[in-house]
Amino acid sequence: MEEELQKVADLVTAKTIFCTKEVLTSDEAAKYMGVSKSYLYKLTMRQQIPHFKPMGKMCYFNRMELEQWLQSNRVATTTEIEQKAQAFCMKKGGRL
């Protein structure tokens, strides 16, 4: 019973860290994003994801920047695309 309570406490602590901690390590960032460490490493090596290397080796990530990066390249819904097409056609006087 104590082991189970400790596991739950550890899980709650880990989840709380993600919500309150501003700077994440590579391990924490990978877990936060739901990707493997190797994929995160690949993204940093290709300079496709914002990160910091204050000591030259260790990578750190700003949680807010990760959230912004994760939400980039939004894919529009079919309804949004149809609305844009309709607005475009109306602007042109209904002519194609």
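Residues numbered from 1 in each chain as written. Predicted model: local features only at pLDDT ≥ 70, side-chain atom pairs only at ≥ 80, totals over all residues. Heavy atoms only, no water.

When its secondary structure is counted, the protein chain shows five helices and two strands. Mapped in sequence order, the helices and strands of the protein chain form the string α-β-α-α-β-α-α. Principal axes of the C-alpha set define a box for the protein chain whose edges measure 70 × 40 × 20 Å. Here the protein chain, with 96 residues, has 15% of them falling under the buried criterion. When contacts within the protein chain are restricted to residue pairs at least 6 apart in sequence, those whose partners lie at least 24 apart make up 39%. Summed over its atoms, the accessible surface of the protein chain is roughly 8,100 Å², and 57% of this surface lies on carbon and sulfur atoms. In the protein chain, 15 positive and 11 negative side-chain charges are present, and the distance between their average locations comes to 15 Å. (Helix = DSSP H or I, 4+ residues; strand = E, 2+ residues; numbered from the N terminus. Buried < 20%, exposed > 50% of the residue type's maximum accessible area, 1.4 Å probe, protein only. Contact = heavy atoms within 4.5 Å. Areas by Shrake-Rupley, 256 points an atom, 1.4 Å probe, with all protein chains shown as cover. Lys, Arg positive; Asp, Glu negative; His and termini not counted. Charge placed at Lys NZ, Arg CZ, Asp CG, Glu CD.)

Taken as a whole, the largest pocket encloses approximately 190 Å³ of empty space. In terms of lining residues, the largest pocket is bounded by Ser-26, Lys-37, Leu-40, Tyr-41, Thr-44, Met-45, Lys-53, Lys-57, Met-58, Cys-59 and Phe-61. Per element, the largest residue contribution to the lining of the largest pocket is five residues, and it comes from helix H3 (residues 37-45). Of the residues assigned to the lining of the largest pocket, the class counts are six nonpolar, two polar and three charged. (1 Å grid on protein atoms, 1.4 Å probe; cavity = no way out; pocket = protein on both sides within 12 Å on 5 of 7 lines; lining within 4 Å. Points joined across faces, edges and corners; volume = space filled by probe spheres on them. Nonpolar A, V, L, I, M, F, W, Y, C, P; charged D, E, K, R; others polar.)

On to the pattern of salt bridges. Per the stated rule, a full pass over the model turns up four salt bridges. Notably, a salt bridge pairs Asp-27 with Lys-37, separated by 2.9 Å at the nearest N-O pair. Remark: Lys-37 occurs in helix H3 and Asp-27 occurs in helix H2 (residues 26-33); sequence separation between them is ten residues. When the shortest N-O distance is used, the salt bridge between Glu-67 and Arg-63 registers 3.2 Å. In this pair, Glu-67 and Arg-63 are both assigned in helix H4 (residues 63-70), four residues apart and thus about one turn of the helix distant. Take Glu-67: its relative accessible area is 24%, and that puts it in the partly exposed class. (Salt bridge = Lys/Arg side-chain N within 4 Å of Asp/Glu carboxyl O.)

Attention shifts here to H2. All of the buried residues along H2 are Glu-28, Ala-29, Ala-30 and Met-33. Remark: Gly-34 follows H2 within two positions and exhibits a positive phi of approximately 75°.

Purely geometric numbers; function is a separate question.
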